[in-house]
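Observations on the three-dimensional arrangement
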Amino acid sequence: MKKKIITKPKLTRRILKKSFMSSITREPKKITRNNLEKKVRQQTDELKIREGQLRQGVDREKLGADRERIAEEQIHIQTKAMESASDGIFIIGAKKFNFPIIYANSSFQVLTGYTKNEVMGQDYFLLYGVDADLRIVEEIKETIRQGKSFHGEMLNFRKNGKKFWSSLRITPVRDVSGAVTHYVGIQTDTTLMKQRNLEIEEQREELLHVTRVGKLAEFVSSLAHEISQPLTAILSYAQAAQRMLGSREPQLQEILQYIINDDQRAAEVIRRLRYLLKKSKPTFESLDINVLINDTVILIMPHITAKNIVIKFQLNDSLPSIQGDRIQLQQVLLNLISNSIEAMESNKGSRELLICTSLKKTDNILVEVKDSGDGIPEENMKKLFAHFFTSKPDGLGMGLSISRSIIEAHGGRLEGKNNPDHGANFYFTIPIVMKIE
């Protein structure tokens, strides 16, 4: 039996109205909460912005763009710096057997004579040329094959075959795992420096040769003078014997005549030798004494360094020029400096060499060479400038004698004395204005 459903219209309308109002009341509450949360988040973000903090999303994108821009600027600056460098800079690949060039700056192209298109991708070692030192080339290859750095100097050849010297540095570039991926090289043209060193060496050899010749000439001249005296005496004795014998003993007279003839022949040889070694007038020119000292020290600097000697200067920069022969005055300075170096060889303490220039009165320049050696023994003081006197086992005893002669020819005076504390001081004067006849 089916149940009957009794419908009451008023009750039904009341229930539906209540349900509808309930749903309307709940829905606005849910929407309000979401809106409230969203509004709170917006206010929080605005607060962070006011405090200088970055917003999520948009600001991170901006930061990434800024970093990318800065990275691009750094790469641009580094590239410009490498292109502007005066040294030749190149990069070669390490993973290929022929070490191809993947970068070469403008200076490298000028240095080698090859254009960028001619070197890119080419074997780096082909640029050395067929006349390069193969031993050094193989040494470079073997060094970089082992992932090591190379530093050395070698003779190179440009594209046109012209020689040039260069200092080469090659350094490996490694990735994050430590594997060598590339090599960066820096090549510096040292041709001018090499030529300058050769010129200095030639000047040093020339000065040493002048010193040796000067010593020999002074020795021969002094020896000739010493020989002339006994030859004159022999001649006088032989002629006196002839007069005493008169017309007697013809054979003895003949022997005496032989002695006289040979004596006169020897005297003529001595006379010609002395004339040959006679000093001609020096070539005087205007000189800066400080520059002359610096040039002389440069010539002997390797010897100074080898002896562990500290050299100091006290040079008056306001000195006027002098008139003198450059080579002869350098010979004097070279001799005085060499003597000071040898005087300090046995010194176990400080080894200091001091060179001073100053104005003496108003018409002379004073040059002093002081050392920290043992000084000059008192008994040797009066014999310092005498011919053939020396305190060295292998010395000729002519250096100071020649030096004094040169200074006197320039109108000055060379002297020597001991320092108040220790060491010796050799000094000479040179007139500022010298009359040349």
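Residues numbered from 1 in each chain as written. Predicted model: local features only at pLDDT ≥ 70, side-chain atom pairs only at ≥ 80, totals over all residues. Heavy atoms only, no water.

**Examining the pattern of salt bridges**
Formally: A pair is scored as a salt bridge if a Lys or Arg side-chain nitrogen falls within 4 Å of a carboxyl oxygen belonging to Asp or Glu.
The full count for this structure, using the stated rule, is 12 salt bridges. Measuring nitrogen to oxygen at the nearest pair gives 3.7 Å for the salt bridge that ties R135 to D133. Three or more residues are tied together by salt bridges with common partners; here these are R404, E408, R413 and E415.

**Some details on the sheet that holds strand β11 (residues 413-418)**
To be explicit about the condition: Pairing between strands is defined by DSSP: at least two bridges between the two strands are required. Helix numbering and strand numbering both begin at the N terminus, where a helix is a DSSP run of H or I of at least 4 residues and a strand a DSSP run of E of at least 2. To obtain an axis, a line is fitted to C-alpha atoms, over the contacting stretch when the element is a helix, and the angle between two such axes runs from 0 to 180 degrees between their N-to-C directions. The contact definition used throughout considers only heavy atoms, calling two residues in contact when any of these lie within 4.5 Å.
Ordered in space as β7-β9-β10-β12-β11, the five strands form an open sheet in which the pairing is mixed. Each edge of the open sheet carries a strand with a single partner, namely β7 (310-314) and β11. Neighbour-to-neighbour, the strand axes of this sheet turn through a mean angle of 15 degrees, independent of strand direction. The sheet strands contacting helix α9 (residues 326-343) are β9 (352-360), β10 (364-371), β11 and β12 (424-431), and the helix crosses β10 at an angle near 25 degrees.

**Some details on the nonpolar core**
Convention followed: Residue types Ala, Val, Leu, Ile, Met, Phe, Trp, Tyr and Cys, when buried and joined through side-chain atoms within 4.5 Å, form a set referred to as a nonpolar core. For the exposure calls, accessible area comes from a 1.4 Å probe over protein chains only, and a residue counts as buried if that area is under 20% of its type's maximum, exposed if over 50%, partly exposed in between.
Formed by 40 residues in total, the largest nonpolar core has its most connected members in I289, L336, I337, F426 and F428. Of all the secondary structure elements, the ones that give two or more residues to this core are α6 (191-245), α8 (289-306), α9, β9, β10, α10 (399-409) and β12. The contacts of I337, once residues within four sequence positions are left out, are T296, V297, I300, L353, I355 and V369. Formed by 23 residues, the second largest nonpolar core is a distinct cluster that contains I101, F150, M154 and L168.

**As for the sheet that holds strand β1 (residues 88-93)**
Whenever strands of a sheet pair, they do so through backbone hydrogen bonds, lying parallel or antiparallel. Reading across the sheet, the five strands line up as β2-β1-β5-β4-β3 and stay open at both edges, with antiparallel pairing between neighbours. Two strands in the sheet have a free side with no partner beyond their single neighbour: β2 (101-104) and β3 (150-157). Averaged over all pairs of adjacent strands, the angle between strand axes in this sheet comes to 25 degrees, irrespective of strand direction. Contacting β1, β3, β4 (163-174) and β5 (180-189), helix α5 (residues 134-145) runs over the sheet at an angle of about 145 degrees to β3.

**Digging into a nonpolar patch on the surface**
Note the cut-off: To count toward a patch, a residue needs a relative accessible area above 30% and no salt bridge. Like charges then connect within 9 Å, nonpolar side chains (Val, Leu, Ile, Met, Phe, Trp, Tyr) within 5 Å. Where accessible areas are quoted, they stem from the Shrake-Rupley method and a 1.4 Å probe; at the residue level, only the protein chains shown are allowed to cover.
Among the surface-exposed residues, I234, L252, I255 and I259 lie close enough to one another that they form a single nonpolar patch of about 320 Å² accessible area. Top contributing element to the nonpolar patch by residue count: helix α7 (residues 250-276), with three residues. A residue is classified by how much of its surface remains accessible, and I234, at 41% relative accessible area, is partly exposed.

**Let's talk about the confidence of the model for the chain**
Heads up, the rule is: pLDDT expresses how confident the predictor is about each individual residue, on a scale running from 0 to 100.
For the chain, per-residue confidence averages 78 on the pLDDT scale, and residues scoring 70 or more make up 74% of the total. For residues 1-5, every residue scores under 50 in pLDDT, and the model assigns this stretch zero contacts once sequence neighbours within four places are set aside.

**Re the packing of α9 against α10**
Each pair of packed helices can be summarised by the angle the axes make with each other and by the distance between the axes. Under the convention used in this document: Should the near helix be turned anticlockwise from the far one by less than a right angle, the crossing is left-handed, and should it be turned clockwise, the crossing is right-handed. Classification convention: Asp, Glu, Lys, Arg as charged; Ala, Val, Leu, Ile, Met, Phe, Trp, Tyr, Cys, Pro as nonpolar; all other residues, Gly among them, as polar.
Where α9 contacts α10, the two axes come as close as 9 Å, and the packing angle between them is 145 degrees. The crossing of α9 and α10 is left-handed. Here Q328, L329, Q331, V332, N335, L336 and N339 of α9 lie close against α10, whose contacting residues are G399, L400, I402, S403, I406 and I407. Of the residues that constitute the contact of α9 with α10, the class distribution is seven nonpolar, six polar and no charged.

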